[in-house]
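A look at the structure
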There are 2 protein chains.
Amino acid sequence: MSTFEAMSHLSAVQSSSDFLSTTTIIALTVFFSLLCACIIVGHLLEENRWANESITALLLGLCAGAVVLLVSKSSSSRILVFSEELFFLYLLPPIIFNAGFQVKKKQFFKNFTIILMFGIFGTVISFCLVSIGAFLLFRRIGVTSLDTQDYLAVGAILSATDSVCTLQVLNQDETPFLYSVVFGEGVVNDATSIVLFNSVQSIDFDNIDAIVALKLLGTFLYLFFSSTILGILAGLLSAFIIKTLYFGRHSTDREVALMMIMAYLSYMLAELLSLSGILTVFFCGIVMSHYTWHNVTESSRITTKHAFATISFIAETFIFLYVGMDAFDINKWKASSASAGTSIAVSSTLLALVLVGRAAFVYPLANFINCIRNRSSSKIEFRQQFIMWWAGLMRGAVTIALSYNKFSNSEDTNIEDSALMITSTIIVVLFSTVVFGSITKPLIEAMLLRHAKPNVSDAADIPSLEDLRILFVENGEPSDLRGNQPAAPKRSSLRLLLTYPTWTAHYLWRNFDDRFMRPVFGGRGFVPFVSGSPTSAADETSGT
Amino acid sequence: MSTFEAMSHLSAVQSSSDFLSTTTIIALTVFFSLLCACIIVGHLLEENRWANESITALLLGLCAGAVVLLVSKSSSSRILVFSEELFFLYLLPPIIFNAGFQVKKKQFFKNFTIILMFGIFGTVISFCLVSIGAFLLFRRIGVTSLDTQDYLAVGAILSATDSVCTLQVLNQDETPFLYSVVFGEGVVNDATSIVLFNSVQSIDFDNIDAIVALKLLGTFLYLFFSSTILGILAGLLSAFIIKTLYFGRHSTDREVALMMIMAYLSYMLAELLSLSGILTVFFCGIVMSHYTWHNVTESSRITTKHAFATISFIAETFIFLYVGMDAFDINKWKASSASAGTSIAVSSTLLALVLVGRAAFVYPLANFINCIRNRSSSKIEFRQQFIMWWAGLMRGAVTIALSYNKFSNSEDTNIEDSALMITSTIIVVLFSTVVFGSITKPLIEAMLLRHAKPNVSDAADIPSLEDLRILFVENGEPSDLRGNQPAAPKRSSLRLLLTYPTWTAHYLWRNFDDRFMRPVFGGRGFVPFVSGSPTSAADETSGT
């Protein structure tokens, strides 16, 4: 520890480079060393059932925060200040983009209605419950200075689940249905809770009525659809540019650069137009992996696939490390003069509300979906419902960022209560990530994999695409369904259409895609093979 | 233009996201759109003999700066302020690292002595000449308020060549000798001029004597060797970690992340220890491509190769765009109240000094090397000397950054003269990059490729490695050279050793490498093939 101080002293005196401030360099060095340590420790713990990279990063961050606190003699634990700008501008976009880029599109769109229901209605239900719960319970604990807006903000803040942690806990190959639902919900949920949070901040609560509520709904729908469309357009534009310009003379570096920059640009554009950047960049990722990715060279494909995953991985680890280190920020704890008892009471109340708030929409919505689905084989089992509830309990960086935004410079609210809200949020995030997070993996193993029967929605009792195709081809085009075919096959195809609406939609989409989209934007099978850089690329730097 | 303003107004009013400041978002959106445009235009102009990506970016940046100036009604052209921290912390390291990672190591080390001579002595000669020239000539133009320290700083600032632009102009495959010398010199030169600049800033000129000069030399040698060693150690550490930990169960994302972070960490560590981060990260790149790169999976190899090149490419384009946009910063031009005549006079003086300063070391040093090399076939031709002189005339972002550092907050110097120095530096950078840069490519074609005889130092009249190996094997180990072998082969091998010292050194190094280094740190042929992710990696995201 003394070497740490001595080194910083040394370099302050004889710094050969006067361009960079020593504190920045020290902060970055410590931070990147910790990142390295996280990756190595995370790798070593890979086989461990309880740990994952998020938890490792969080705990390492906590340790580092404690060390810095000791070294600086309790004056400060912050070597990097948590900045909302850093988080929303540079860390979140690559994570969400990569999620869209790597998601299994078939699963995602198959469960699209469920995802939207959970992500939108679910989040609103959770938001209402947490707000009302906080309003009723906080007075009894002794937190009195919060107003309606604050309670609603607390609801929005604690409704933002942590999709990053979920990604590390669930496995896309083992439990594809759960993965796509929980993760897809997480992305929509982030967008919903941020929109809710912003709406709550801007609404005048003295003149609230049904029209305002309707307006809110309208704003949300507008945001949702225009963000999605913007993302799709950005993705298509990138596909079109690369297909048109680069055909015949590919350049891997330019292609990869263009994909990165256009993805980032879509996020920035959405934010500029006051839309939801998260949704935009997510759909941009989906479209890019469907079209653009197939237009580039083989080396570009491998590079983008792994480079996006790596950047996202670094950003995730960075965030958890950050949250961990930030937890020991002594100033916040000093500002909150609440007793340990009050602190624990508030935190456990919030945790309980999170648990109840999520249970209050997962079970009802899942059973509602089961009622609609009449085939018993496609129902969501109770076991799956439980995992869906549990896997969405983690709270993460979005929660922290929103909490800072609301309470760190709040003018109306009592300073002590504001600080108390921030510290309680941190406790909720730490507890839920470490405790809930580490239990999830063994829990899923115990709940699902031991009962080794095939997962309901992944079972093979749905017609194969080939069956559908043959059927449609026999009947002519789907638009001919109302035509004058013989009665027997017609009834059969109509029955299929009604029984498997998602699959029919998928079939229609594939037709449309093959006929109109792919010829323009490229995509699998629609870009001729180009001989060139791909094959010879691997061996160039190896010349010793 | 009015839409630009209207949009910024709009989003300021109804911004749904309150976390990000609107100006930042606008700046980033404009900037990333320009980056996109640069890549596309650069691709379209690829076949053009006169343009390259640097020039495109610079000109696009100038246009954008002019547009912003018009839109903002001449109040400001800065949508992003040129920050030394951004440049030295985030843009320069990936460029230099990638240069080390992709450099042809054989060529580089073969010409190592030439590179060091040019990079160190050459830069010092140029520094002295430019300083003295400026001291003698500026008084005549009417610039009087500069002191000795300022003149020496001008010398250091204008001795920093732009290795980035050189990379785009010379071709590693067509002219490997020139490429390795000019580029290698560029890296050493950056380090030298930054060290010179910092030394000049810190020296007390009232008490200067021979001891201070010797101390300066000592500091420089210390910086050079310790930076190099640090870079090598960081590279070896990364190789060791990946070889030891990851063997048998590779994870592409973790491997790539670890390589990125450790490379960056080496730069930060060097800066923290007050060494030259540029040299450190350059040698870290070389070592990583020699050992670490061979220890990872096939997909990691492709990913790192292209991801590093892409990041470096984006950073380069970014810098030139930045410099272009920054050139129209109206405040600097206003502060410099000098007449257009004085401005032009100062700029052309500086340009002339740059031309003379570089000629003054390239020709003498090249001819000195020719004198030492007694074989006429390995001499540097005059034509090559001319290209070496010409290709190092471009000045770039390092010059701008140093100039800002010195003159933007200078306390001693007259404000008007400081502003004049900054604007003149910008003119020199713009002129040399655009004019010299666009002439270079046709010039090289005219000078070298039309005289289609094989390049001197790349010719095959040097003994093949195999010949050397056979010879040494016949004679036993190199250490046995003094042993009691028959006279004829002994003389022959001694003659070889004396005639081709570089090749002998290379042979000895290869022996050492194969026997001691590769078994520990891995490297080509020393890591058994691991079946796993590599082959199946390419097709995973393609599941529609």
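Naming follows an unreviewed UniProt entry, where chain A appears as Sodium/hydrogen exchanger of Durio zibethinus. Chain A has a UniProt comment under Sequence similarities (unreviewed entry) that states "Belongs to the monovalent cation:proton antiporter 1 (CPA1) transporter (TC 2.A.36) family." The record held by UniProt for chain A lists under Subcellular location (unreviewed entry) the comment "Membrane".

This part takes up the state of the cysteines. All names here are of chain B. The tally for this structure, following the rule as stated, stands at zero disulfides over all chains. Its sulfur unpaired, Cys 36 is 9.4 Å from the next cysteine sulfur, which belongs to Cys 38. On the accessibility criterion, Cys 36 (7% relative accessible area) is buried.

All names here are of chain A. Within the structure shown, the criterion is met by twelve salt bridges over all chains. Between Lys 406 and Asp 150 there is a salt bridge whose closest N-O contact spans 3.2 Å. Here Lys 406 is found in helix α17 (residues 397–407), whereas its partner Asp 150 is found in helix α7 (residues 148–157), with 256 residues between them in sequence. One exposure class covers both Lys 406 and Asp 150, and it is buried. Three or more residues joined by partner-sharing salt bridges are found here, namely Asp 513, Asp 514 and Arg 518.

Once that is clear, we can look at helix α6 (residues 112–141) of chain B. An α-helix turns once every 3.6 residues. As a result, residues three or four positions apart point the same way. All names here are of chain B. A rise of 1.5 Å per residue sets the reference length of α6, with its 30 residues, at 44 Å; its end C-alpha atoms lie 41 Å apart and thus fit the reference within 8%. Bending of α6 peaks at approximately 30° at the position of Gly 122. Positioned one or two residues after α6, Gly 142 has a phi angle of 120°, which is positive.

Now for the packing of helix α13 (residues 298–326) of chain A against helix α13 (residues 298–326) of chain B. At their nearest, the axes of α13 of chain A and α13 of chain B sit 8 Å apart, and the two run at 90° to each other. Our classification of the angle between α13 of chain A and α13 of chain B gives roughly perpendicular. Between α13 of chain A and α13 of chain B, the residues in contact are Ser 299, Ile 302, Thr 303, His 306 and Ala 307 of chain A and Ser 299, Ile 302, Thr 303, His 306 and Ala 307 of chain B, respectively.

Across the ten residues that make up helix α16 (residues 382–391) of chain A, a large majority, eight, are buried. For α16 of chain A, the full list of buried residues reads Gln 384, Gln 385, Phe 386, Ile 387, Met 388, Trp 389, Trp 390 and Ala 391 of chain A.

For the rest of this paragraph, the subject is unusual backbone geometry. Phi angles above zero are rare outside glycine, and Ser 274 of chain A is one such case at about 60°. Considering the arrangement of structural elements, one finds Ser 274 of chain A in the loop between α11 (252–272) and α12 (277–295).

So, about a nonpolar patch on the surface. Residue and element names in this part refer to chain A. Where nonpolar side chains cluster on the molecular surface, the patch consists of Leu 214, Leu 217, Leu 221, Phe 225, Ile 229 and Leu 233 and spans about 610 Å² of accessible area. Along the chain, the position of Leu 233 falls in helix α10 (residues 210–246). Look at Leu 233 and you get exposed, because its relative accessible area is 51%.

Applying the stated criterion to the full structure yields 60 aromatic pairs over all chains. Summarising the aromatic geometry, the rings of Phe 97 of chain A and Phe 308 of chain A are spaced 5.0 Å apart at their centres and angled 85° between planes, so their arrangement reads as edge-to-face. Of this pair, Phe 97 of chain A sits in helix α4 (residues 84–102) while Phe 308 of chain A sits in helix α13, and the two are 211 residues apart along the sequence. Just as Phe 97 of chain A is buried, Phe 308 of chain A falls in that class too. Relative to Phe 112 of chain B, the ring of Phe 109 of chain B lies with its centre 5.6 Å away and its plane at 45°, an arrangement referred to as tilted. Given a relative accessible area of 38%, Phe 109 of chain B falls into the partly exposed group. Its relative accessible area of 25% is what places Phe 112 of chain B among the partly exposed residues. Chaining the aromatic ring pairs together yields one cluster made of Phe 108, Phe 109, Phe 112, Tyr 179, Phe 183, Phe 282 and Phe 283 of chain A. Above the ring of Trp 293 of chain A, the side-chain terminus of Arg 301 of chain A is found at 5.8 Å from the ring centroid.

What counts, and where the lines are drawn
All residue numbers here refer to positions counted from 1 along the written sequence of the relevant chain. Labels are handed out in written order, letters beginning with A for the chains and numbers beginning with 1 for the ligands. Selection of residues for local features in this predicted model requires a pLDDT of at least 70, selection of side-chain atom pairs for listing and counting requires 80 or more, and totals for whole chains, interfaces and linings are taken over all residues. Excluded from the side-chain calculations are hydrogens and water; all other atoms, namely the structure's heavy atoms, are used. UniProt positions are given in the numbering used here, feature names are shortened, and annotations may be inferred rather than shown by experiment. When the sulfur atoms of two cysteines come within 2.5 Å, that pair is taken as a disulfide. Burial status follows relative accessibility: with a 1.4 Å probe on protein chains alone, a residue under 20% of its type maximum counts as buried, one over 50% as exposed, and anything between as partly exposed. When a carboxyl oxygen of Asp or Glu is within 4 Å of a side-chain nitrogen of Lys or Arg, the pair counts as a salt bridge. Each helix is a run of H or I in the DSSP string that is no shorter than four residues. Each strand is a run of E no shorter than two, and both are numbered from the N terminus. The span expected for a helix works out to 1.5 Å for each residue beyond the first. Here the bend at a residue is taken as the angle between two axes, fitted respectively to the seven residues that end there and the seven that start there. The axes are straight lines fitted to the C-alpha atoms, using for helices just the contacting stretch, and the angles between their N-to-C directions are given from 0 to 180°. Here roughly perpendicular refers to angles of 65 to 115 degrees, roughly parallel to angles under 35, roughly antiparallel to angles over 145, and oblique to all remaining angles. Note on contacts: a residue pair qualifies if any of its non-hydrogen atoms lie within 4.5 Å across the two residues. Only residues whose relative accessible area exceeds 30% and that take part in no salt bridge are eligible for patches, with like-charged residues grouped when within 9 Å of each other and nonpolar side chains (Val, Leu, Ile, Met, Phe, Trp, Tyr) grouped when within 5 Å. With residues, only the protein chains shown are counted as cover, and all accessible areas are computed by Shrake-Rupley using a 1.4 Å probe. Note on aromatic pairs: the rings of Phe, Tyr and Trp (six-membered ring only in Trp) are paired at centre separations within 6.5 Å, and the planes decide the class, stacked below 30 degrees, edge-to-face beyond 60, tilted for the rest. Note on criteria: charge over ring means Lys NZ or Arg CZ within 6 Å of the ring centre, with the direction from the centre no more than 35 degrees off the ring normal.

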